[in-house]
Amino acid sequence: MTETDDDSDDGLLINKESFPLSPELWTKMWKRAEQIHPNKKQMSGQIRGQVLPEVPAPTPPILRSTYSVSEKLLLIQDYISKLQYDYTGCQFFEIKKNRPLCRLMDVAKSMIKEALPIKCLEAVILSLYLTTDMIAIQRFPLAFKTSFENNTYKHIVLAIYYNGRFGALGLSRRDTLMYKELKHETLYDLLKEFVKSYKDCYHTVDRIKLGLPVNHDSQSMEVIMWKYTTLRYSKLSSKQFRAKCDNYSKQLRGQTAHQMKYCKELKMAVSDVSDRSSAGSSRSSSKNGRGSKKNSA
């Protein structure tokens, strides 16, 4: 069984340097293109060295104060979609999830400057950057693990919560697996919409991961918590799935990201202490049992 990103392929190249791209990376990209294109070297020979027309770069959206939140999100999604999905086999922007938020925002600025095609994780980072000033909304990572024909696929979008409604921003090969209008009354409704979209693509949803709300401070040194809770969708009944969605939603409405993280750490600590206490009690009981046997003997 192979495991790949929903928006990436096996053997994906990653640009780990600055722009412009290095000659070595260009060579690898052309080699890969020749391997998968039906006309192979004939195709590359017709393109390489030619003076090609300049491709216009999309303009970042201007989010006026008079626009509603839904209108702003639609403008942001339209801009992300215009950058287009990256079919080149090379990820132009390296995303390290353990980097501070401020560093990831610098990568987002580079995406706007270079205006190159992006993939799903890059789209999430760009969405975070473009929604930084929309402080009334909550933004959290929403990741899916699905299966199709014995292969495993991963995909991620940025979920949005505002004024009792849920939606999403992102990018994918499939139009139905990225943007979701800010109209879903519950998180359950949003996730079921994604599950249905996956089913239409003949994918089975195995797991769904929910992260913590992301800070709106673009200079923050905090690291995004990409996985706060995991929903094993394929093993949950509809009632259990709804209950877990409602539990996360209640926390989202009533607590900040810091409070949610603290509550989780506290529960884990209490559980750990409880487990140790139970283990200690078991050992103590065992010793007492052996001692009583000796006394009776």
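The structure reproduced in this document is the subject of the present report. Keep in mind that this is a model prediction, so the values were computed, not measured.

**Section: the environment of Lys31**
- Along the chain, Lys31 turns up in helix α1 (residues 23–36).
- Taking the C-alpha atoms as reference, Lys31 lies 9.1 Å from Ser44; in sequence the two are 13 residues apart.

**Comments concerning the side chain of His203**
- The topology assignment puts His203 in the loop between α6 (187–200) and β8 (204–210).
- For His203, a relative accessible area of 14% puts it in the buried group.
- Side chain to side chain, His203 and Thr146 meet in a polar contact 2.9 Å long.
- When residues no more than four places from it in sequence are discounted, the contact partners of His203 are Thr146, Ser147, Phe148, Tyr153 and Tyr198.

**Examining the pattern of salt bridges**
- With the rule as written, the count across this model stands at 6 salt bridges.
- Between Arg165 and Glu185 there is a salt bridge, with its nearest N and O atoms 3.9 Å apart. Pair noted here: Arg165 is in strand β6 (residues 165–169) and Glu185 is in the loop between β7 (180–184) and α6, with a separation of 20 residues, a long-range link.
- On the basis of relative accessibility, which here comes to 33%, the residue Arg165 falls in the partly exposed class.
- Residue Glu185 is classed as partly exposed on the basis of its relative accessible area, which comes to 48%.
- One network of salt bridges, with partners in common, ties together Arg103, Asp106 and Lys109.

What counts and how
Residues numbered from 1 in each chain as written. Predicted model: local features only at pLDDT ≥ 70, side-chain atom pairs only at ≥ 80, totals over all residues. Heavy atoms only, no water. Helix = DSSP H or I, 4+ residues; strand = E, 2+ residues; numbered from the N terminus. Buried < 20%, exposed > 50% of the residue type's maximum accessible area, 1.4 Å probe, protein only. Polar contact = N/O pair within 3.5 Å; in protein donor to acceptor, adjacent residues only side chain to side chain. Contact = heavy atoms within 4.5 Å. Salt bridge = Lys/Arg side-chain N within 4 Å of Asp/Glu carboxyl O.

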